[in-house]
Amino acid sequence: DEWTSVRTLVKPPDQLELTEAELKEEFTRILTADNPHAPQNIVRYSFKDGAYKPVSYVDQMAIHLSLNGNMILKDSDEGRRQSIRSSISEEKAPVETPAVTSEETEFKDEESTGDTQAAGEEEAEGSGTAEVAEAAEAEEPPPPKVKEKKLANQFNFTERATRTLNNPLRERACQSEPTPCKDFSATANQWKIYDAYVEELQKMEKSKEKEKPRAQVAKKDEEKKKGRKLTSLEAQSDDMNKISKAAKIMERMVNQNTFDDIAQDFKYFEDAADEYRDQQGTLLPLWKFQYDKAKRLAVTAISWNPKYKDLFAVGYGSYDFMKQGRGMLLLYTMKNPSFPEYIFSSECGVMCLDFHKDHPYLMAVGFYDGNVAIYNLKKATSQPTYKSNAKSGKHTEPVWQVKWQKDDMDNNLNFFSISSDGRIVSWTLVKNELVHTDVIKLSVEGTTMQGPEGLQLQTLG
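As the structure is a computational prediction, the values presented were derived from the model and not from experiment.

Okay, the overall build of the protein next. In terms of helices and strands, the protein carries seven helices and 16 strands. Sorting the 461 residues of the protein into buried and exposed places 21% on the buried side. Of all intrachain contacts in the protein linking residues separated by at least 6 positions in sequence, the fraction that spans at least 24 positions is 39%.

This is the structure in structure tokens:
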């Protein structure tokens, strides 16, 4: 009768004696899912970086129990046998009494293969015993039928949950071969410098001793070498031009990103406050084009390119006629407001300019000293392709306007210029020179100048 006796607490002899306050004190303990035995300092070699790196993720899972499943395939032999057994038992359940069905099921569990004859004999025996049971229990009412539960198919059960398919991440990397490098080192001291000079003097003496034809052959060889050097320099300049083109494109992209807000304002800006200003709007400055070398010069002419709508030319000079200096011709593009696209400098101030409509790369320019010039933007030179001079009939006063005209009868390009010396001149581009013809000479009416030997000269307007 041990279970009837009251349990008594046994106190060990070495137990600590604690006060009430110490007993009531709570100690919080945080349990985490980390494996305390998992190593935290695993280091593996990374082939990508070429160095040993610590592994940040450590597997914390610890398996305490694993069991093999006992599911049977529906289409296998054992699965078919079990399904036949369950169907037969379901058919006979409502007819037979519980006792008989239990006997029959026991009998069926013992047999390994389903035999139809044995099943028939069992039915006969079952029917004999059923008659006896019915005679004994005729007075009692039949028990109510129990509604069968629909069993889930345990052989080919599938999970119906769905999950969104995530596309796999793809990476594409490109690695270029490193450029070959060579180390070269040398020291120069007084002895080497002296030896070099001595060798040079010996060569000069030998060359003097040689005959003239040999010297001529040597000169030809030197010229060939110089030519080779020039070609190498030209090749370098071509490479620089390629790089400069790519750099220009990159600079434009950076500037377009920088000035993107202004560009959007320029396209879509509409001030709602304009309705209340009585036809007096506001001026919103968008871009400011400036160049350091043209800061002290005045803007004297502006012209938009007829073909490239984002390109315009600006002429720089001075309106202070007592202090005239240099001039500049700059071409800016809206795609790069930070730096001019083309830069041309001149000894004299630019007063006017005009683009050709059919050939937008040709630009006529008039200067303060009376000269006119044609700049070709296709050529990579800073000098004009055509320019007038004192021999070719330049103006004696500042050129105030230049204007391209239609091609003449010989399909030569020509333009007009007007100056304060009273002349309107037509300039024609013939081969490599400018040919001038005076169209009109404006004279001031009623004024004549007393020339030498009593000649009466008309003053030009």
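Sheet strands associate in pairs through backbone hydrogen bonding, adopting either a parallel or an antiparallel arrangement. Taken in spatial order, the four strands make up an open sheet running 3-4-5-6, and their pairing is antiparallel. Across the chains shown, the open sheet's two edge strands, defined by having one partner strand only, are strand 3 (298-304) and strand 6 (342-346). Averaged over all adjacent pairs, the angle separating strand axes in this sheet is 15°, with direction ignored.

Note on placement: Trp304 falls in strand 3. For Trp304, a relative accessible area of 47% gives the class partly exposed. Taking the C-alpha atoms as reference points, Trp304 and Val314, ten residues apart in sequence, are found 9.0 Å from one another. Those residues in contact with Trp304, other than ones at most four positions away along the chain, are Lys309, Asp310, Leu311, Phe312, Met334 and Phe355.

A complete count under the given rule lists ten salt bridges for this structure. Note that Glu341 is salt-bridged to Lys248, the shortest N-O span being 4.0 Å. Of the two residues, Glu341 sits in the loop between strand 5 (327-333) and strand 6 while Lys248 sits in helix 6 (residues 212-258), which places them 93 residues apart along the sequence. Among the ionic pairs, Arg423 bridges to Asp421, the shortest N-O distance being 3.6 Å.

Looking now at unusual backbone geometry. One non-glycine residue with positive phi stands out, namely Asn411, at about 60°. Position of Asn411 among the secondary structure elements: in the loop between strand 11 (399-404) and strand 12 (414-419). Its relative accessible area of 62% is what places Asn411 among the exposed residues.

Another point: the layout of surface pockets. Counted as a void, the largest pocket has a volume near 920 Å³. Broken down by secondary-structure element, the contributors of at least two residues to the lining of the largest pocket are helix 6 and strand 6. Sorting elements by how many residues they give to the lining of the largest pocket places helix 6 first, with seven residues. By residue class, the composition of the lining of the largest pocket is twelve nonpolar, seven polar and ten charged.

A contiguous nonpolar patch, built from Val43, Tyr45, Phe47 and Tyr52 and spanning about 530 Å² of accessible area, is present on the exposed surface. Looking at where Tyr45 falls in the secondary structure, it is placed in strand 1 (residues 43-46). Judged by its relative accessible area of 39%, Tyr45 is partly exposed.

Counting residues in each nonpolar core, the largest one holds 18 residues, and the members touching the most others are Leu329, Leu331, Met363, Val365, Phe367 and Tyr375. Elements supplying a minimum of two residues to this core: strand 4 (311-317), strand 5, strand 7 (350-355), strand 8 (362-367) and strand 9 (372-376). For this core, the leading source of residues is strand 7, giving four residues. Ignoring sequence-local partners within four residues, the contact set of Tyr375 consists of Leu329, Phe344, Tyr361, Leu362, Met363, Val365, Phe367, Ser382, Gln383, Pro384 and Thr385. Membership of the second largest hydrophobic core comes to 15 residues, among which are Ile374, Leu413, Phe415 and Leu429.

Turning to the side chain of Ser392, a few remarks are in order. With respect to the helices and strands, the residue Ser392 is situated in the loop between strand 10 (386-387) and strand 11. Judged by its relative accessible area of 16%, Ser392 is buried. For Ser392, the side chain forms a polar contact with the main-chain nitrogen of Asn389, separated by 2.8 Å. Apart from residues no more than four positions distant in its own chain, Ser392 is found in contact with Trp427, Leu434 and His436.

Under the defined criterion, the tally for this structure stands at nine aromatic pairs. An angle of 85° between the planes, with centres 5.1 Å apart, marks the rings of Tyr45 and Phe47 as edge-to-face. Take Phe47: its relative accessible area is 74%, and that puts it in the exposed class. An aromatic cluster of at least three residues, connected via ring pairs, comprises Phe289, Trp304, Phe312 and Tyr332. Above the ring of Tyr361, the side-chain terminus of Lys378 is found at 4.3 Å from the ring centroid. Cation over ring: Lys387 sits above Phe367, and NZ or CZ is 5.2 Å from the ring centre.

What counts, and at which threshold
- Residues numbered from 1 in each chain as written.
- Predicted model: local features only at pLDDT ≥ 70, side-chain atom pairs only at ≥ 80, totals over all residues.
- Heavy atoms only, no water.
- Helix = DSSP H or I, 4+ residues; strand = E, 2+ residues; numbered from the N terminus.
- Buried < 20%, exposed > 50% of the residue type's maximum accessible area, 1.4 Å probe, protein only.
- Contact = heavy atoms within 4.5 Å.
- Pairing = 2+ DSSP bridges.
- Axes fitted to C-alpha atoms, helices over the stretch in contact; angles between N-to-C directions.
- Salt bridge = Lys/Arg side-chain N within 4 Å of Asp/Glu carboxyl O.
- 1 Å grid on protein atoms, 1.4 Å probe; cavity = no way out; pocket = protein on both sides within 12 Å on 5 of 7 lines; lining within 4 Å.
- Points joined across faces, edges and corners; volume = space filled by probe spheres on them.
- Nonpolar A, V, L, I, M, F, W, Y, C, P; charged D, E, K, R; others polar.
- Patch = residues over 30% accessible without salt bridge, like charges linked within 9 Å, V, L, I, M, F, W, Y side chains within 5 Å.
- Areas by Shrake-Rupley, 256 points an atom, 1.4 Å probe, with all protein chains shown as cover.
- Core = buried A, V, L, I, M, F, W, Y, C linked by side-chain atoms within 4.5 Å.
- Polar contact = N/O pair within 3.5 Å; in protein donor to acceptor, adjacent residues only side chain to side chain.
- Phe/Tyr/Trp six-rings, centres within 6.5 Å; stacked < 30°, edge-to-face > 60°.
- Lys NZ or Arg CZ within 6 Å of the ring centre and 35° of its normal.

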